[in-house]
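# What the coordinates show
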Amino acid sequence: MKALLVGEYREGKLLGSTYETLAFAQKIGAAAVLFAVGSEGDLPRFDGKLYLADAGRYGEYNPPAHKALLLEVIAKEKPDLVVLSHSSYGWDLAPRLAVALNAAQVSEVVDVRDGAFVVPACNAKLRRQVRPKSAVTVVTLQAGAFGLTGEPAGTPAVERIEAQAEGNVEFVGYEPAEKGEVDLSRAEVIVSAGRGIGKPENVEIIASLARALGGELGASRPVVDAGWVDHSRQVGTTGQTVAPKLYVACGISGAIQHLAGMKKSGFVVAINKDKDAPIGEVADVLVVADVLQLAPALVEKIKAL
Amino acid sequence: MKILVCIKQVPDMESRFKVNAAGSWYDTSDLAWRLNEYDEYAVEQAVQVKEQLGGAPEITVLCVGPERVKEAIKKALAMGGDKGVHVQDEASFEKDPFEIASVIAEYARSEHFDLILTGMQSQDRGSAQVGVLLAEMLGIPAVTTIVGFTLENGAVTAKRELEGGLKAVVKARLPALFTCQLGLNTPRYPTLPNIMKAKKKELAALAVADLLKVQPLAVTAKMTLPEKKAGGVVLEGEIGELADKLIGILKEKTAVFK
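Residues numbered from 1 in each chain as written. Chains lettered and ligands numbered in written order. Predicted model: local features only at pLDDT ≥ 70, side-chain atom pairs only at ≥ 80, totals over all residues. Heavy atoms only, no water.

Looking at the element boundaries, Asp274 of chain A is found in the loop between strand 17 (267–272) and strand 18 (285–288). The exposure class of Asp274 of chain A is buried, given its relative accessible area of 16%. The contacts of Asp274 of chain A, once residues within four sequence positions are left out, are Lys125 of chain A together with Glu14 of chain B. (Helix = DSSP H or I, 4+ residues; strand = E, 2+ residues; numbered from the N terminus. Buried < 20%, exposed > 50% of the residue type's maximum accessible area, 1.4 Å probe, protein only. Contact = heavy atoms within 4.5 Å.)

Right, let's get into the layout of surface pockets. There is about 700 Å³ of room inside the second largest pocket. As for the second largest pocket, its lining consists of 25 residues, and the residues nearest its centre are Val110, Arg127, Gln142, Ala145 and Glu281 of chain A. Those elements giving two or more residues to the lining of the second largest pocket turn out to be strand 8 (111–113), strand 9 (116–121), strand 10 (126–132) and helix 7 (256–262) of chain A together with strand 12 (218–224) of chain B. Looking at which element gives the most residues to the lining of the second largest pocket, the answer is helix 7 of chain A, with three residues. Tallied by class, the residues present in the lining of the second largest pocket amount to 13 nonpolar, four polar and eight charged. (1 Å grid on protein atoms, 1.4 Å probe; cavity = no way out; pocket = protein on both sides within 12 Å on 5 of 7 lines; lining within 4 Å. Points joined across faces, edges and corners; volume = space filled by probe spheres on them. Nonpolar A, V, L, I, M, F, W, Y, C, P; charged D, E, K, R; others polar.)

A surface patch of nonpolar side chains, about 280 Å² in accessible area, is lined by Leu192, Ile195 and Met196 of chain B. Relative to the helices and strands, Leu192 of chain B resides in helix 5 (residues 192–199). (Patch = residues over 30% accessible without salt bridge, like charges linked within 9 Å, V, L, I, M, F, W, Y side chains within 5 Å. Areas by Shrake-Rupley, 256 points an atom, 1.4 Å probe, with all protein chains shown as cover. Salt bridge = Lys/Arg side-chain N within 4 Å of Asp/Glu carboxyl O.)

Here we take up the sheet that holds strand 12 (residues 157–160) of chain A. Across a sheet, paired strands are connected by hydrogen bonds in the backbone, their directions being either parallel or antiparallel. Residues and elements named next belong to chain A. As summarised here, the arrangement of the seven strands in space is 7-11-6-1-4-5-12, forming an open sheet in which the pairing is parallel. Sheet topology places strand 7 (104–109) and strand 12 at the edges, where each strand pairs with a single neighbour. Taken pair by pair, the neighbouring strands of this sheet meet at an average axis angle of 25°, ignoring direction. Note: strand 5 (residues 49–54) against strand 12, four bridges, orientation parallel. The partner of Tyr51 across the bridge, within strand 12, is Glu159. Lying on the sheet, helix 1 (residues 17–28) is in contact with strand 1 (2–6), strand 4 (31–38), strand 6 (81–85), strand 7 and strand 11 (137–141); it crosses strand 6 at an angle near 140°. The sheet contacts of helix 4 (residues 90–101) involve strand 6, strand 7 and strand 11, and relative to strand 6 the element is tilted by about 160°. (Pairing = 2+ DSSP bridges. Axes fitted to C-alpha atoms, helices over the stretch in contact; angles between N-to-C directions.)

Right, here's the structure in full:
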């Protein structure tokens, strides 16, 4: 089994998710070579071959060029698997490779079992085992599903790679994250509101629980998209990655993107009416209740302590 | 200008899911069905383009699936779509993204759409593949995960959502395909008059067998419920009691009250 791992750089810096592809290869016992459009100044620690394409020339968003580069490497290496992160880069590029290779693509792999790739379905309420039928398979890995057991080591043998491809989408530039009202990454206690709180007027109920516990208010994506809470308070892959000592998820079902942003929390309490909500999978305590009733009761009792 | 919006009907994600008897998919009985949330943003974007261009574009809404998916098509028509295309397929759940994209490509190839919009993923499978596969099959640019869309002089400037709040601004000339992320716009609710009007709009039915020319590249071998975290405590009961129990646990296990 041979795997071609696709690393990721952003603005010239290697992303940590690159090492998750390495951990995946280790887990399935595959020989690995790496590919990345990146920079010589920040090479991954890796004991093997790295095909490196110049970020300056190929741009940060240039899928046809990245596809052409990868097809060159694939022709040379003939891997059984092409492995990307399930990220804005990976899920954009993976189907393009799949079409070019007439290969199966399996998205957001969290495990490999009985020779099948395990992926979440229905907002992680179910698990699906997918069996590819093509000679080559392109997979994307769920963020955080495959952690490295130890620090990676080694210096890659770099082989430069180039390819011709017309970009059909022009990269204009980056728009940085908005600076908001709070830096959640420093908070020791975060109490987050999810869609389950029902309406914007109820945000204050969750905020008062956060204050009672000496913490900050956080939120899941739907609550931020709806404009109930400032974006700077969004926890998740497209918001902030947090690591408080205590995380209280209120009315949050536990979409994967949210879980990825809070999984480093020390102690996790979930308050949800739905006993089957995926948040229960990561919670140390799941309280099956209506948070709009429980939160005021908690605030009252905490004040009386 | 011709716009295609590809939609899907999905179960309400708040449902309690069960695995079907064959162990191959979720049990579809007793589920409430709705228009895939990401696709609502795609429909809304199409309608906004139509409004921007003074009503000239024609919006076709396409959905592959069994009889019940007509409801999702009708909702999209009530939001402002002009005509529906129902690709009839009682077994669409067994098809992989490659087959679904191939079916849509087969239909779209001769229609020469200028703009194709889809959700970035479905809420049930979540594979985020069909849109990009379709664009690649049609040989047009694909831009994924957009949270901003501005059409000007036949080119779209889109904002792609990256990780950590960062966005990439990109520009593509039409024809092109865009996959829509939550927050792109504010999907409108269909009004009652528009729901009534939608009933009269054209809804063409096509047989999937006439459009399917490929074999699957992947199959669902098994569907299971996830394993629960070992050691996690579940508290149930009366509110006051729950509050006391939870405070007790927090005192014991965390330092928040010290």
